[in-house]
Amino acid sequence: MAEVILMPRLSDTMTEGVIAAWHKKVGDTVKKGDLLAEIETDKATMELESYQAGVLLHIGTPAGGKLQVNDLLAILGSAGEDVSALVAQHNGGGAAPAAPAAEAPAAKQAEAPAAAPAATLDISTMEEVVLMPRLSDTMTEGVIAGWHKNVGDTVKKGEVLADIETDKATMELESYKDGVLLYQGAQAGEKIQVNDLLCIIGKQGMDIDAIVAAAKSGGSAAPAAPAETKQEAAPAPAASPVAQATAPTVVNEGRIFASPLAKKLAAEKGIDLKYVQGSGDNGRITKADIDGYVAPAAAPAAASAAPAVSAAVAVPAGQVSFEEVPVSQMRKTIARRLSESLFTAPHFYLTMSINMDAAVAARAKMNENAKVKISFNDLVLKATAMALKQHPKVNSSWLGDKIRINHHVNIGVAVAVDEGLLVPVVRFADGLSLSQIAVQVKEYAQKAKDKKLQPSDWEGSTFTISNLGMFGIDQFTAIINPPDACILAVGGISQEPIVKNGQIVPGNIMKVTLSCDHRVVDGATGAAFLQTLKSLLEEPLRMLI
C-alpha cells in the first residue's frame, strides 16, 4: 500500500521548505535510509532520508519548488500502483482558474488563446522556473546582491546563479539544473518577494512569454528587457586590464568537494575553494591543498584600491555629498524585532560597578598554561549562568498569556557581523567549564562572521549577554532579545580610584547594566541577580567550586 510523506517540520520556526534537490526520481527504488531530497529551511540545507522502502511514485514539487509544512512531499509504494486518489486528497482542486476563460465574451475570442495560458499556467510546477526560495524563518523578500550569470549564459547544475541577501545573511543560490539562463526576475539591488519568479532556465530559443505573463498576473516581476540591458552594461567597468591580468584561475565549477578540515582552514584564511586544485580522490580538496595554496597578490590589491579612489573623488571640498545605501534584509529584521521589543516590553535598567581585580589576577593564572585562552567575556558568561540558576525569575520568557520560568540556562552571546548582529546560543552554560565556554564562543563567533550559523545555533536562548567592552565602551544599555526577560550589557574594564582599607587605590572596575522586562522581572529581583553576579566575579574561585 502506498505511503504518503509530508513536508516535515525541520526546525521550531519552519513553516515551509524549498526543495534544493531530489536525489531520487519518480520510478526509482528507494531503500530505508536512502537520501531522498535536500530541503532548504531557515537558511540551512538539510538532507531528508527516507524512513521506508518502496518505489518513488510521486513528488509534490520539482527542485526549486516550495511546500508548506505538512504539504504532500512524496508518495512511496509498489511499482505501478495507482496513487491518483492520494494526490487528489492532498492537493486541492486546481481547475478553478479555468472558469474565467470559459466565460469570456465571444467578441474577445481572438484574445482568449493568448490570455488563457497566463491565467491557467501554474509556473510553480514548471521545471524551467526558479522561484525566490524562503531562506530563513523571517524572510518575506530577498534582495539580489549580484548575479553570477547573465541572460544567455549557459548554466550547469551546482553553479552559483546569484547572491541573495536575506534578513539573516547573504547566501549563494545554486542552480538545480542545466540549461541557458533565459530570464531574470529582477536586477542586482532589486527585491523579489518569496515565491515570485526569480529566473527561467531552459533550452535556447524557448518561448518564455507565457511564463513571464503568468508571473506578472500573479504578482510583480521586473521586465526582462531592462534586466538584460543593465546586466550587459554592468560588467564593463569591472573588467579592467589589471583585474583581467591578475585574476586567479577557476579550477572548480559547480559543487566543490572538500574535506571538513579543508573547508574550515579555507574559511579561516579567506580562500575561495573554486580556485584551489584538489589532490584527493575525484579532485577532493584536502588540508595539504589549502596549506600549499598561494593566492595571487595583485588581484586583491587592485580590487581594494578601486573603492578608495572612488571614495576620494566622491567627496569634493565645500560641497554637500552623501551616499544612500539600501537597508539590508538583516537590518530590517533587527529594526523590526528590536522596535517591537522596546515599544512593547516595559524596559527598566539596573547598573552596577564590579571590582574585577581578583578576576584579572585569576585570569592571568588560568592562562599561564591553558590550552584554551580564557577571556573576560568567558568569565562573565560563566558567572551569569551560575547567577541565573540562583535567580530563575531572571531566566524567564514572556509568552503573552503566561511566563515560562526556564530551569535550563541557554545564554545568547551577541556577535557583531558586517550586516548587523547575530546571537548564537551557548546551551546549558551553567554545566560547562570555562574552557568549554571559551571554545564554544570562539567557534560561534567565527561561524557568525563566515555566515555559517545554522538555525539550531541561534534558537532557544533564555538570557542574552551583549559585551562592548573590547570596543572601549565603559557603559551602555541593551534592548531585550525577545522572548527573553532580560539582557546584560557589559562594558570594558578600566582603572578607577577606589577606597580599600581606608586608602584610595587604583582598581579595575567593570560596569554592567541589566535591562529587564517589567512584565516579568521586578526591580528587587534584578538587583538580587546583579548582587550574586558581582559576588561571583569579585571572588572568581567560587565559580570553580
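What this report covers is the structure whose coordinates are included nearby. (Residues numbered from 1 in each chain as written. Predicted model: local features only at pLDDT ≥ 70, side-chain atom pairs only at ≥ 80, totals over all residues. Heavy atoms only, no water.)

1. Details of the pairing of strand β2 (residues 16–22)
Link 1 in the chain: Burial of β2 is extensive: 7 of the 7 residues sit out of reach of the surface.
Link 2 in the chain: Pairing of β2 with strand β7 (residues 66–68) involves 3 bridges; the strand directions are antiparallel. Along β7, the bridge assignment pairs V18 with K66. (Buried < 20%, exposed > 50% of the residue type's maximum accessible area, 1.4 Å probe, protein only. Helix = DSSP H or I, 4+ residues; strand = E, 2+ residues; numbered from the N terminus. Pairing = 2+ DSSP bridges.)

2. Focus: the packing of helix α13 (residues 376–390) against helix α16 (residues 523–538)
Link 1 in the chain: Packing of α13 against α16 brings their axes to within 9 Å, and their N-to-C directions diverge by 135°. Relative to α16, α13 is oriented oblique. In the packing of α13 onto α16, the handedness of the crossing is right-handed. On the side of α13, the interface is formed by L379, V380, A383, T384, M386, A387, L388 and Q390, while α16 contributes F529, T532, L533, L536 and L537.
Link 2 in the chain: Partitioned by chemical class, the residues of the contact of α13 with α16 number 10 nonpolar, 3 polar and no charged. (Axes fitted to C-alpha atoms, helices over the stretch in contact; angles between N-to-C directions. Parallel < 35°, antiparallel > 145°, perpendicular 65-115°, else oblique. Left-handed = near helix turned anticlockwise from the far one by under 90°. Contact = heavy atoms within 4.5 Å. Nonpolar A, V, L, I, M, F, W, Y, C, P; charged D, E, K, R; others polar.)

3. Some words on the environment of A37
Link 1 in the chain: Secondary-structure assignment places A37 in strand β4 (residues 35–41).
Link 2 in the chain: As a C-alpha pair, A37 and A21 span 16 residues in sequence and 5.7 Å in three-dimensional space.
Link 3 in the chain: If we skip the residues at most four places from it in the chain, A37 touches A21, W22, H23, M46, E47 and L48.

4. Observations concerning unusual backbone geometry
Link 1 in the chain: For the bond running from P482 to P483, omega is 5°, close enough to zero to count as cis.
Link 2 in the chain: Its place among the elements puts P483 in the loop between β24 (463–467) and β25 (486–500).
Link 3 in the chain: For F428, which is not glycine, the phi dihedral falls at a positive 50°.
Link 4 in the chain: Mapped onto the elements of the fold, F428 is located in the loop between β23 (425–426) and α14 (434–449).
Link 5 in the chain: For N501, which is not glycine, the phi dihedral falls at a positive 55°.
Link 6 in the chain: Along the chain, the position of N501 falls in the loop between β25 and β26 (503–517).

5. Details of a nonpolar patch on the surface
Link 1 in the chain: Nonpolar side chains collect at one region of the surface, where L342, F343, Y349 and I479 lie side by side and expose about 390 Å² of accessible area between them.
Link 2 in the chain: Examined against the element boundaries, F343 turns out to sit in helix α11 (residues 329–344).
Link 3 in the chain: Accessibility expressed as a relative area gives 68% for F343, which makes it exposed. (Patch = residues over 30% accessible without salt bridge, like charges linked within 9 Å, V, L, I, M, F, W, Y side chains within 5 Å. Areas by Shrake-Rupley, 256 points an atom, 1.4 Å probe, with all protein chains shown as cover. Salt bridge = Lys/Arg side-chain N within 4 Å of Asp/Glu carboxyl O.)

6. Observations concerning the side chain of H391
Link 1 in the chain: Along the chain, H391 turns up in the loop between α13 and β18 (396–398).
Link 2 in the chain: Those residues within four positions of H391 in sequence are excluded, and the remaining contacts are A528, F529 and T532.

7. Considerations on the pairing of strand β12 (residues 160–165)
Link 1 in the chain: Burial analysis of β12 places 5 of its 6 residues in the buried class, the great majority of the element.
Link 2 in the chain: Looking at chain direction, strand β10 (residues 141–147) and β12 are connected through 4 bridges and run antiparallel. Paired with G146 across the strands is D163, a residue of β12.
Link 3 in the chain: For β12 and strand β13 (residues 170–174), the ladder comprises 5 bridges, and the chain directions are antiparallel. For A162, the partnering residue across the bridge sits in β13 and is L173.

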